[in-house]
Amino acid sequence: MNGKYMFSLLAIFVLFLLPYVGVTAFGLKTLFGIFIPLIALTIFIIGFVRRIKGWSESPVPFRIPTTCGQQKSLTWIESSPIDNPTTKAGVVVRMILEVMLFRSLFRNLKFKRESNGILSYSWELWLWLGALAFHWAFLVTIVRHLRFFAEPIPYFVRALEFFDSFFRVEFFTDAFQVGLPGIYMSGIVLLAAAIYLLARRILLAQVRYVSLAADYFPLFLIIGIAVSGIMMRYASKVDIVGIKAFTMGLVTLNPTIPEGVGATFYVHLFFVSVLLIYFPFSKLMHMGGIFMSPTRNLTTDTRAKHYSNPWNYPVKTHTYEEYEDDYREKMIDAGLPVDKELAEVKE
Amino acid sequence: MPDQKQMYDKGKVVAGLVIFVVLITFPFWYNHLKAAPAPQLELTKKAQAAKNCVRSKDYMKAEHMQLLDVWRESVVRNGERVYVNEEGKEFNMSLTNTCLDCHSNKAEFCDRCHNYASVNPYCWDCHIDNPKEKK
Ligand code: HEM
């Protein structure tokens, strides 16, 4: 038992009960369907912008990129223009690869004690794979969701749906139907990857040691979103057309509450709202932060260019020559050696 | 030290934030704040005369694809072709001969709804979709 994840789990459970009880017992559909989502989106956008603005106010007086390759120097030494970029273009390529492929995480190493007592590093690939699957599945799911928010539905959304659902396993039982509608792989991969990332934090002692409630909470929340979404699609089906009429109303600021849409939808929507509100105040801001990382987004041209600290102010100095000028006669009287004799100065 | 807070690389940061806000608000500007109305479904004379679908309207709205999946399974795998609904009414489990018998206006019924919800059933690769217009 670990207080940190039990606390997060409990929080998610309460966050599940709020819309569930609110909608089923008190009929608070307008609150959970309209007010909370619109407020959440506003908080998300304003909070995100303010957080980035705050970061941009921290000066970066020195170049502090981390490098993973040979810097450009003499012509006959091969340099790596992306891992140690000296040009803006190199930095742009490096950033794109970092954002899309998580190359820093790819270099992740594990430090462990071998059976013969020797300490060694080994390459740890699974975190990278899990993270990549998770983030891409999340993105695909969100882009696919645009079918609820756009009319006519843009071509890229339809194309994405087509590729995402190419994989069809057509079987069913009475409770859980797979087959029609077709399976969206991204939804399943999202859930599986989130569960893997959670299991990693709970089961590996070293990772558990560095995990806080703030690490478990977003994972539980996203698992909650994925489970409620998957429930709606494959188990307790919902009226998609009714929901789309509602979401279209939401984004045209003319919302109407759909009839006959069950509590699962409100739970899904509320979890998403909580995610939006939580986002700007949490570690999830790494989404914007990655673009602001000085270890990634600066050129390593410190050998070619001089960078001076912009805060350098004129320092008051008193050199030895000035000191000698001040005390020359006294020094000579005391028999101390001087650089310039009295006669030389007098001239 | 600068006395007042200032944004460094302001041009780049603001440009990035503008891109972010434009992407996030996509649904708002894409629809010009005007919701395209939900599709108007037309029932054929035959359907109107029948009054009821195979199951209740709410069930059909949310679960008709599941019903079709069950029908297909029963016919193709189990060889059973008769479906009895809750009221005890019997239906021949057939996509073309039953669904499209009442809803023979596929374009104004099934398709309108599917376009709105962005679904593109592949059934019509094989199944005839206009039984009334046989050559
Ligand atoms: C206001 C925003 C959202 C609304 C109105 C919404 C609505 C829905 C609806 C109606 C479904 C059922 C789809 C179907 O039956 O075909 C669904 C499924 C799903 N949703 Fe959401 N959702 C929202 C945001 C999100 C977010 C941010 C995520 C996280 C990535 C997410 C993840 C999922 C997943 C994984 C499914 C399962 C089916 C699939 O893969 O499409 N949803 N959502």
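This write-up is about the structure you can find in this document. (Residues numbered from 1 in each chain as written. Chains lettered and ligands numbered in written order. Predicted model: local features only at pLDDT ≥ 70, side-chain atom pairs only at ≥ 80, totals over all residues. Heavy atoms only, no water.)

Moving on, we come to the coordination of the iron atom of the ligand. Reference values for angles at a metal are 109.5 degrees in the four-donor tetrahedral case and 90 or 180 degrees in the six-donor octahedral case. All names here are of chain A. Looking at the metal site, the iron atom of the ligand is ligated by H145 (NE2) and H268 (NE2), spaced 2.0 to 2.1 Å from it. For the iron atom of the ligand, the 6 donor atoms are set out with angles of 84 to 178° between them, so the coordination reads as octahedral. Within this pair, whereas H145 is found in the loop between α5 (126-144) and α6 (155-164), its partner H268 is found in helix α11 (residues 263-278), the two being separated by 123 residues in sequence. We classify H268 as buried; its relative accessible area is 12%. (Donors = N, O, S within 2.8 Å, 3.2 Å for Na, K, Ca; no water. Tetrahedral: all angles 85-135°; square planar, octahedral: opposite > 155°, others 65-115°. Helix = DSSP H or I, 4+ residues; strand = E, 2+ residues; numbered from the N terminus. Buried < 20%, exposed > 50% of the residue type's maximum accessible area, 1.4 Å probe, protein only.)

Applying the stated criterion across every chain yields a total of 22 aromatic pairs over all chains. Look at F48(A) and F279(A): their rings are 6.2 Å apart centre to centre, the planes differ by 25°, and that puts the pair in the stacked class. Placement of F48(A) in helix α2 (residues 29-56) and of F279(A) in the loop between α11 and α12 (286-289) is noted, with a sequence separation of 231 residues between them. The exposure class of F279(A) is buried, given its relative accessible area of 12%. Ring centres of W71(B) and Y83(B) lie 5.5 Å apart, and the angle between their planes is 50°; this geometry places the pair in the tilted category. Here Y83(B) lies in strand β1 (residues 82-84) and W71(B) lies in helix α4 (residues 57-78), a separation of 12 residues in the sequence. Under the relative-accessibility criterion, Y83(B) is labelled buried at 14%. (Phe/Tyr/Trp six-rings, centres within 6.5 Å; stacked < 30°, edge-to-face > 60°.)

Let's shift gears to the pattern of salt bridges. Scanning all chains against the criterion turns up 19 salt bridges over all chains. Close ionic contact of K46(B) with D101(B) constitutes a salt bridge, the shortest N to O distance being 2.8 Å. Of this pair, K46(B) sits in helix α3 (residues 45-50) while D101(B) is found in helix α5 (residues 95-102), placing the two residues 55 residues apart along the sequence. Given a relative accessible area of 24%, D101(B) falls into the partly exposed group. What emerges from the salt-bridge pattern is a single network uniting D83(A), R103(A) and R107(A). (Salt bridge = Lys/Arg side-chain N within 4 Å of Asp/Glu carboxyl O.)

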